[in-house]
Amino acid sequence: MKLYLASLGAGLLVGVVYSLINVRSPAPPVVALLGLLGILVGEQILPVARHLMNGDGLARAIGLADCKDHVLGQLPGRRDAADAPASGDTTPPKS
């Protein structure tokens, strides 16, 4: 969550600087960003629906379809099980 807040803060700071030097932002308008969000969510409807038709609950269907990681990206501080060191392994993870 801190990463998202830091990103928002950095964006606000850049927006203030753009305003001070009277430059238009190259960012797309909000309507375009909402369209992109719709695409991300829309991609997940069929996979979740398939799991729901198989009898899974909504939370389980969302988890099985990997919606959270696809829509939000891998959240800070989380690692995949494949990336996690084995029990007792002291070697640092590969970057």
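Residues numbered from 1 in each chain as written. Predicted model: local features only at pLDDT ≥ 70, side-chain atom pairs only at ≥ 80, totals over all residues. Heavy atoms only, no water.

Undergrad: Tell me about the overall build of the protein, residues and numbers included.
TA: Of regular secondary structure, the protein possesses four helices and zero strands. When its helices and strands are written in sequence order, the protein yields α-α-α-α. Here the protein, with 95 residues, has 6% of them falling under the buried criterion. (Helix = DSSP H or I, 4+ residues; strand = E, 2+ residues; numbered from the N terminus. Buried < 20%, exposed > 50% of the residue type's maximum accessible area, 1.4 Å probe, protein only.)

Undergrad: Now, about the pattern of salt bridges: what can you tell me, with residues and values included?
TA: Inspection of the entire model under this criterion finds one salt bridge. Among the ionic pairs, R60 bridges to D56, the shortest N-O distance being 3.4 Å. On the basis of relative accessibility, which here comes to 51%, the residue R60 falls in the exposed class. (Salt bridge = Lys/Arg side-chain N within 4 Å of Asp/Glu carboxyl O.)

Undergrad: Summarise a nonpolar patch on the surface; cite the residues concerned and give the values.
TA: Judged by side-chain polarity, M1, L3, Y4, L5, L8 and L12 come together as a nonpolar surface patch covering roughly 680 Å² of accessible area. Position of L8 among the secondary structure elements: in helix α1 (residues 2-20). (Patch = residues over 30% accessible without salt bridge, like charges linked within 9 Å, V, L, I, M, F, W, Y side chains within 5 Å. Areas by Shrake-Rupley, 256 points an atom, 1.4 Å probe, with all protein chains shown as cover.)

Undergrad: Describe α1, with residues and values.
TA: In a regular helix each residue adds 1.5 Å, so 19 residues correspond to 27 Å; α1 covers 27 Å between its end C-alpha atoms and thus fits that length. Backbone geometry just after α1 places N22 at a positive phi near 60°. (Expected span 1.5 Å × (residues − 1).)

Undergrad: Could you give an account of the UniProt feature "transmembrane region" (unreviewed entry) in the protein, naming the residues involved and the relevant values?
TA: In this numbering, the UniProt entry assigns the feature "transmembrane region" (unreviewed entry) to residues 29-49. Secondary structure content for residues 29-49 is 95% helix and 0% strand, and the end C-alpha separation is 31 Å. (UniProt positions renumbered as here; feature names shortened; annotations may be inferred.)

Undergrad: If you had to explain the confidence of the model for the protein to someone new, which residues and values would you point to?
TA: In this model, the protein carries an average pLDDT of 79, and 74% of its residues clear a pLDDT of 70 or more. Mean pLDDT values over the elements of the protein span from 70, in helix α4 (residues 67-72), up to 90, in α1. (pLDDT = per-residue confidence, 0-100.)

Undergrad: Report on unusual backbone geometry, specifying residues and quantitative values.
TA: One non-glycine residue, N22, lies in positive phi territory at about 60°. By the secondary structure assignment, N22 is in the loop between α1 and α2 (30-53).

Undergrad: Could you give an account of α2, naming the residues involved and the relevant values?
TA: Here α2 contains 24 residues, and its C-alpha end-to-end distance of 35 Å stays within 8% of the 34 Å for a straight helix at 1.5 Å per residue. Maximum bend of α2: about 30°, positioned at I45, with proline P47 one to four residues after it. Following α2 by one or two positions, G55 adopts a phi angle in the positive range, close to 100°. (Bend = angle between axes of the 7 residues up to and from the residue.)

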